[in-house]
Amino acid sequence: MNRRGEILKEMGLSPVWRLRSNQEKPEQQSDGIAFMDWTRLKAKVAGCTDCKLRAGCTQTVFGVGDEKAQWMLVGEAPGSEEDRLGEPFVGQAGKLLDNMLAAISLERGRNVYIANVLKCRPPGNRNPEPDEVAKCSPHLLRQIGLVQPRLILAMGRFAAQALLGTDATIASLRGKLHQFAGVPLIVTYHPAYLLRNLPEKSKAWADLQFARKTVSDS
Ligand code: URA
């Protein structure tokens, strides 16, 4: 199955055409992440040891916000503050994100849900490794399936590449309306990048305007 097929399958958003072996029990299928409700998904993430990251972080960082939000914001992975407090985007980058949301009359928790591709902090804030993204993505995909947002804003290269199944650059992905399993998806810079590259803020502002128009037109 190609990457897009795998993603749709994980979200439970497409028929999965495969033969079921005689040995396979129906319960085994419904035990899958793609079929979990919020309670089971939160418990699964809280107890997850599917990759090596859990051994080195303080706690898992599930996600925060309105579970029926129209806007779903997706970042990369918890940093040190997020690891300490158990909530995404609570450090410096999170403060900028909150200000950006306020500029378009949004706030975390009100019609906005925020999650990361990885639920555990990579040591020393290193980049996520491909096996970690592969192991953890199903959790994010199920969160998207449960929220059913009207727009996904992928913040930064890792979120964009993980969701779109591409290795294209942020520059080439910005400014276009992508689709993720029927949900419009817009790519923008990661707030941490904006903190280091202040002149790029105007581009992020343009992305937010584009996102706002997309939601209001949908
Ligand atoms: N960067 C992210 O991508 N996510 C967070 O939660 C914090 C910083």
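The structure this text deals with has already been given above.
Residues numbered from 1 in each chain as written. Predicted model: local features only at pLDDT ≥ 70, side-chain atom pairs only at ≥ 80, totals over all residues. Heavy atoms only, no water.

Every residue lining the ligand is accounted for by Gly75, Glu76, Ala77, Glu82, Pro88, Phe89, Asn116 and His190. One of the backbone N or O atoms of Glu76 is found 2.8 Å from an oxygen atom in the ligand. Between His190 and the ligand, the recorded distance is 2.7 Å, taken from a side-chain N or O atom to an oxygen atom. When the residues that make up the shell around the ligand are grouped by side-chain class, the tally is three nonpolar, three polar and two charged. (Near = heavy atom within 4 Å. Polar contact = N/O pair within 3.5 Å; in protein donor to acceptor, adjacent residues only side chain to side chain. Nonpolar A, V, L, I, M, F, W, Y, C, P; charged D, E, K, R; others polar.)

Looking now at the nonpolar core. Counting residues in hydrophobic clusters, the biggest one holds 59 residues, and the most contacted among them are Trp71, Leu73 and Leu163. In terms of residue count, helix α6 (residues 130-147) provides more of this core than any other element does, seven residues in total. Apart from the residues lying within four places of it in its own chain, the contact partners of Leu73 are Leu97, Leu101, Val112, Tyr113, Ile114, Ala115, Leu153 and Met155. (Core = buried A, V, L, I, M, F, W, Y, C linked by side-chain atoms within 4.5 Å. Buried < 20%, exposed > 50% of the residue type's maximum accessible area, 1.4 Å probe, protein only. Helix = DSSP H or I, 4+ residues; strand = E, 2+ residues; numbered from the N terminus. Contact = heavy atoms within 4.5 Å.)

What follows is about the packing of aromatic side chains. Taken as a whole and judged by the stated rule, the model has three aromatic pairs. Plain terms: the ring middles of Trp38 and Phe62 are 6.0 Å apart, the flat faces sit at 75 degrees to each other, and that makes the pair edge-to-face. One end of the pair, Trp38, is in helix α3 (residues 38-46); the other, Phe62, is in the loop between α3 and β1 (64-65), with 24 residues separating them in the sequence. No difference in accessibility class separates Trp38 from Phe62, as the two residues are buried. With centroids separated by 5.6 Å and ring planes inclined at 40 degrees, the aromatic side chains of Trp38 and Tyr113 adopt a geometry described as tilted. Within this pair, whereas Trp38 is found in helix α3, its partner Tyr113 is found in strand β3 (residues 112-116), the two being separated by 75 residues in sequence. Overall, the relative accessible area of 13% leaves Trp38 in the buried class. (Phe/Tyr/Trp six-rings, centres within 6.5 Å; stacked < 30°, edge-to-face > 60°.)

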